[in-house]
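Spelled out from the first residue to the last, the chains are:
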Amino acid sequence: MEYTVGHYLAIRLTQLGLNHVFAVAGDYNLSLLDEMAKDSNLEQVYCCNELNCGFAAEGYARSRIMGASVVTFSVGAFSAFNAAGGAFAENLPMLLISGAPNNNDYGSGHILHHTMGYSDYRYQIEMAKQVTCVAVSIAHASEAPCLIDHAIRHALRNRKPAYIEISCNIASAPCPPPGPITAITKSLVSDAGTLKVAAEACLKALNKSKNPVIVIGGKARSAGGEKQIVELADKLGCAVTTMAQAKGFFPEEHAQYVGTYWGEISAPGVENLVAQSDCRIYIGAVFNDYSTVGWTCQVTGENDLFISPHHVRVGKNEFSGIYLDDFLAIFAPMVQKNPTSLEQYRAKGIKPTQIPAAPAEAELTVVELCRQIQGIIDNKTTLFLETGDSWFHGMHFNLPNGARVESEMQWGHIGWSVPSMFGYAVSEPDRRNIMMVGDGSFQLTAQEVCQMIRQKLPVIIILINNRGYTIEVKIHDGPYNRIKNWDYAGLINVFNAEDGKGLGLKAKNGGELAEAMKKALANKEGPTLIEVAIDPQDCSPDLVVWGKRVQTANSRPPRTSLNMI
Ligand code: TPU
Ligand code: MG
């Protein structure tokens, strides 16, 4: 059998365990899609636009080893760059594959459609370099195997997106068949000597401390450390907390789990617990203005351990060339039991708050909404939390083992959740996929719900219609935070057209919401969107506090330079 460049690429993706590739067609990628279709194990899933296509691949990468999207030159790729930026920020490997000009046109002086109107087409790969860890251009078939493998290898090792552009007349050109995938997936090896000295240095700091606590951050999971973190926690016996971005990265039913650490808006008792620890074991922690509540909670001390994806820091010592999972695997067996922080936390006698059901006829509140969502979270649930008040509600859910939360707190692109959950649900159709999304966010990417309908994915979309950008209102209010209302539930009929099985429902009170939830759980043939009416003033009290702190950080006056006076 003769192989082609496009077929080679498709085989590489299926060898990695991908069964789907997301795409939007365009004349620069049509023959590439034809060639990729030759691998019958790789289904092409089409999206409404390239931003959504990129986010769908990003969502798929939250479930599989990586995601992949195919777009056309410039008009498509420029939109997908935003999603690549998101995947970069969130440490998700994803291939952004773009069709590109016929290789005869390079250097010819020809001006082509879908380009900037001049004959040097390298601008696109130059842009791609800013939002990916590696960018390659395939203009000759002989180079394709090497360049495709190079891009995949870097994406996997760095947990970042990679960019591949393929000339439209090269996708169908013959090329050698791919060999085994192992050479590409082989992970980097930590230096054994550095691992040992790093672990000893950390142990020294840990043994000096009275009350260590484990704080898990947003990079812990992509660094592959979830299992090793549990081993470390079991061995150490101390309290374990997760930062907001890492919600669900540690089993919440674990006896040592104490809840979310998010500065002033932490779970009860957790802010003090972290502040008073004399050895914080930060694993994959990300300190940005949002995660530190406007820079108000950057607690660090000389005994703290910073275990990052590619390096470890303790005191003034920095160890690089070692990886988080390898480090934890050798560090966990070395540590002595020290449950002091957990005992201190338990001594506070904090009891979980019980929320009573609201009367069925009473106007719906965010408290009642969250109470009912908690009721449908099971051990096969994945909950997507969109940027907005949903982040703050999301922190309060108790996750049974097996349940997962996905958010995009570093990039924070409103509208991310719809296409990302679509991509995730394509990979995980049998999980209970629930999304909490605000009205403002939904307006950016709403059309991708039609692809959930097309693929018959039973996603539950909880659309919080609070008539505007509440998260922005709490940071800094103005007329720009009001939006045009939509009949969100009514949209589902539009998307269903003649054959869809999506369901659009509205709930104004607890009784209607309970009914709608029942119907959503019973609808297995398509998504159910439940539009919940929430008073614009009703939001999470945590958002109010956080919004004030972020506003203070945003409005710090510029530093004055002496030269300017
Ligand atoms: O629940 P709620 O009202 O807080 O959420 P909703 O309605 O989704 O509003 C989100 C408002 C928002 C904006 C406009 N959050 N962040 N932004 C700024 C923003 C603008 N454009 C993009 C692509 N991402 C953003 N985060
Ligand atoms: Mg809103």
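Analysis parameters
Throughout, a residue's number is its position along its own chain's written sequence, starting from 1. Lettering for chains starts from A, numbering for ligands starts from 1, and both go in the order in which the items are written. A pLDDT threshold of at least 70 governs which residues receive local features in this predicted model, and a stricter bar of 80 or more applies before side-chain atom pairs are shown or counted, although totals over entire chains, interfaces and linings include all residues. No hydrogens and no water enter the side-chain calculation; it runs on all heavy atoms of the structure. To qualify as a helix, a DSSP run of H or I must reach at least 4 residues; to qualify as a strand, a run of E must reach at least 2; elements of each kind are numbered from the N terminus. The size measure is the radius of gyration over C-alpha atoms, and the globule rule it meets is 2.2 Å times the number of residues to the 0.38 power. Type-normalised accessible area, obtained with a 1.4 Å probe on protein chains alone, sets the label of each residue: buried when under 20%, exposed when over 50%, and partly exposed for intermediate values. Contacts are assigned to residue pairs with any non-hydrogen atoms lying within 4.5 Å of each other. Shrake-Rupley sampling with a 1.4 Å probe provides the accessible areas, and residues are treated as covered by the protein chains on show and by no other component. For the purpose of counting charges, residues Lys and Arg are taken to be positive, whereas Asp and Glu are taken to be negative. His and the chain ends are not included. Charge positions come from single atoms, namely NZ of Lys, CZ of Arg, CG of Asp or CD of Glu. Domain start and stop points were drawn from an automatic or database domain assignment. Simply put, the buried area is the total loss of 1.4 Å probe accessible area from both parts when two parts are fitted together. A pairing counts as a salt bridge when a side-chain nitrogen of Lys or Arg comes within 4 Å of a carboxyl oxygen of Asp or Glu. Each polar contact in these results corresponds to two N or O atoms within 3.5 Å; when the atoms are within protein, one needs to be able to donate a hydrogen and the other to accept it, and residues that are neighboring in sequence are counted only if both atoms are side-chain atoms. Counted as donors are the N, O and S atoms within 2.8 Å of the metal, or 3.2 Å for Na, K and Ca, while water is not among the atoms, so some sites may look incomplete. As used here, the term nonpolar core means buried Ala, Val, Leu, Ile, Met, Phe, Trp, Tyr and Cys residues forming a set that is joined through side-chain atoms within 4.5 Å. Only residues whose relative accessible area exceeds 30% and that form no salt bridge enter a patch; like-charged residues are grouped when within 9 Å of one another, and nonpolar side chains (Val, Leu, Ile, Met, Phe, Trp, Tyr) when within 5 Å. Centre distance within 6.5 Å is the pairing criterion for rings of Phe, Tyr and Trp, where only the six-membered ring of Trp is used; planes under 30 degrees apart are then read as stacked, over 60 as edge-to-face, and the remainder as tilted. Only lysine NZ and arginine CZ atoms are considered, and such an atom sits over a ring when it is within 6 Å of the ring centre and within 35 degrees of the ring normal. Our arc is simply the arc of the directions from the helix axis toward the C-beta atoms. The span expected for a helix works out to 1.5 Å for each residue beyond the first. It suffices for a single heavy atom of a residue to lie within 4 Å of a molecule or strand for the residue to be listed as near it.

**Q** Help me understand the overall build of the chain in this model?
**A** Helix and strand counts for the chain come out as 21 helices and 19 strands. A compact globule built from 565 residues should have a C-alpha radius of gyration of about 24 Å, and the chain, at 25 Å, falls within 12% of that. In terms of overall dimensions, the chain has a C-alpha envelope of 75 × 65 × 60 Å along the principal axes. With 565 residues in all, the chain has 57% of them scored as buried. When contacts within the chain are restricted to residue pairs at least 6 apart in sequence, those whose partners lie at least 24 apart make up 76%. Accessible surface, the chain: about 23,000 Å² in total, of which carbon and sulfur atoms supply 53%. The positive charge centre, built from 48 side chains, and the negative charge centre, built from 56, are 6 Å apart in the chain.

**Q** Any chance you could explain the domain arrangement of the chain here in plain terms?
**A** Accessible area lost upon the coming together of the parts serves often as the stated size of an interface. Parsing the chain into structural domains produces domain 1 (3-185), domain 2 (192-347) and domain 3 (366-544). Each of domain 1 and domain 2 was reduced to a C-alpha centroid, and the two centroids are 37 Å apart. With 4 residues of domain 1 at the interface, the matching set in domain 2 holds 4 residues. Of the roughly 410 Å² buried where domain 1 meets domain 2, counting both sides, 33% is carbon and sulfur surface. Our count for the contact surface shared by domain 1 and domain 2 stands at 0 salt bridges. Summed over the shared surface of domain 1 and domain 2, the number is 1 residue pair in polar contact (both at pLDDT 80 or more).

**Q** I tried to follow the coordination of the magnesium ion (ligand 2) on my own but got confused; where do I start?
**A** Note on metal sites: the ideal angle is 109.5 degrees for four tetrahedral donors, and 90 or 180 degrees for six octahedral donors. Within the first shell, the magnesium ion (ligand 2) binds the protein through D439 (OD), N466 (OD1) and G468 (O), at distances of 2.0 to 2.1 Å. Assessed through its relative accessible area of 7%, N466 is described here as buried. A relative accessible area of 7% places G468 in the buried class.

**Q** Whenever I open this one, the environment of V494 confuses me. Can you help?
**A** Position of V494 relative to the elements: it lies in helix 19 (residues 488-496). Its relative accessible area of 58% is what places V494 among the exposed residues. Residues V494 and T260, 234 residues apart in the sequence, show an inter-C-alpha distance of 40 Å.

**Q** What is the right way to read the nonpolar core from this model?
**A** As a rule of thumb, nonpolar side chains are buried together in soluble globular proteins. Of all hydrophobic cores here, the largest spans 90 residues; its most connected members are F22, L95, I166 and F442. Structurally, this core is a two-domain feature, drawing no fewer than three residues from each of domain 1 (3-185) and domain 3 (366-544). Counting 55 residues, the second largest nonpolar core, distinct from the first, contains C297, C370, M409 and C539.

**Q** Explanation requested: a nonpolar patch on the surface in the structure shown.
**A** On the surface, F78, M116, Y118 and M127 cluster together into a nonpolar patch covering about 360 Å² of accessible area. You can see M116 is positioned in the loop between strand 4 (94-100) and helix 5 (123-131). A relative accessible area of 49% places M116 in the partly exposed class.

**Q** Looking at this model, I keep getting lost on the packing of aromatic side chains. Mind explaining?
**A** Both the distance between ring centres and the angle between the ring planes are used here to describe each pair of aromatic rings. In this structure the tally under the stated criterion is 25 aromatic pairs. Ring plane angle 5° and centroid distance 5.0 Å describe the contact between W262 and F392, whose orientation is recorded as stacked. Of this pair, W262 sits in the loop between strand 9 (257-261) and helix 10 (270-276) while F392 sits in helix 14 (residues 389-394), placing them 130 residues apart in sequence. Taken together, the ring pairs connect Y28, F73, F78, F81, Y118, Y123 and Y163 into an aromatic cluster. The ring of F306 carries the charged tip of R313 above its face, separated from the ring centre by 4.4 Å.

**Q** What should I look at first to understand helix 19 in this one?
**A** An α-helical turn contains 3.6 residues, so any two residues separated by three or four positions project in the same direction. The set of residues buried in helix 19 consists of Y488, A489, L491, I492, F495 and N496. Projected onto a plane normal to the axis of helix 19, the buried residues spread over an arc of 140° and lie on a single side. For helix 19, exposure combined with an orientation more than 90 degrees from the buried face picks out N493 and V494. Along its buried surface, helix 19 packs onto helix 16 (439-445), helix 17 (449-454), strand 17 (460-465), strand 18 (503-507) and strand 19 (528-533). In the segment just after helix 19, A497 is the residue with positive phi, at about 45°.

**Q** Help me out: how do you make sense of helix 8 (residues 192-208) in this one?
**A** Taking 1.5 Å per residue as the helical rise, helix 8 with its 17 residues ought to reach 24 Å, and the 25 Å between its terminal C-alpha atoms agrees with that figure. Considered for burial, the residues of helix 8 that qualify are T194, L195, A198, A199, C202, L203, A205 and L206. Buried residues of helix 8 fall within an arc of 165° about the axis and therefore sit on the same side. Exposed and oriented more than 90 degrees from the buried face of helix 8 are K196, K204 and K208.

**Q** Got a minute to help me understand the site of ligand 1 in this structure?
**A** The environment of ligand 1 is formed by 16 residues, the closest being G412, D439, G440, S441 and E472. Interatomic distance of 2.8 Å between a backbone N/O atom of G412 and a nitrogen atom of ligand 1. The separation between an oxygen atom of ligand 1 and a polar side-chain atom of S441 is 2.5 Å. Coverage of ligand 1 by the protein chains reaches 80% of its 590 Å² of free accessible surface. Listed by contribution, the elements that provide at least two residues to the shell around ligand 1 are helix 16 and helix 18 (470-475).

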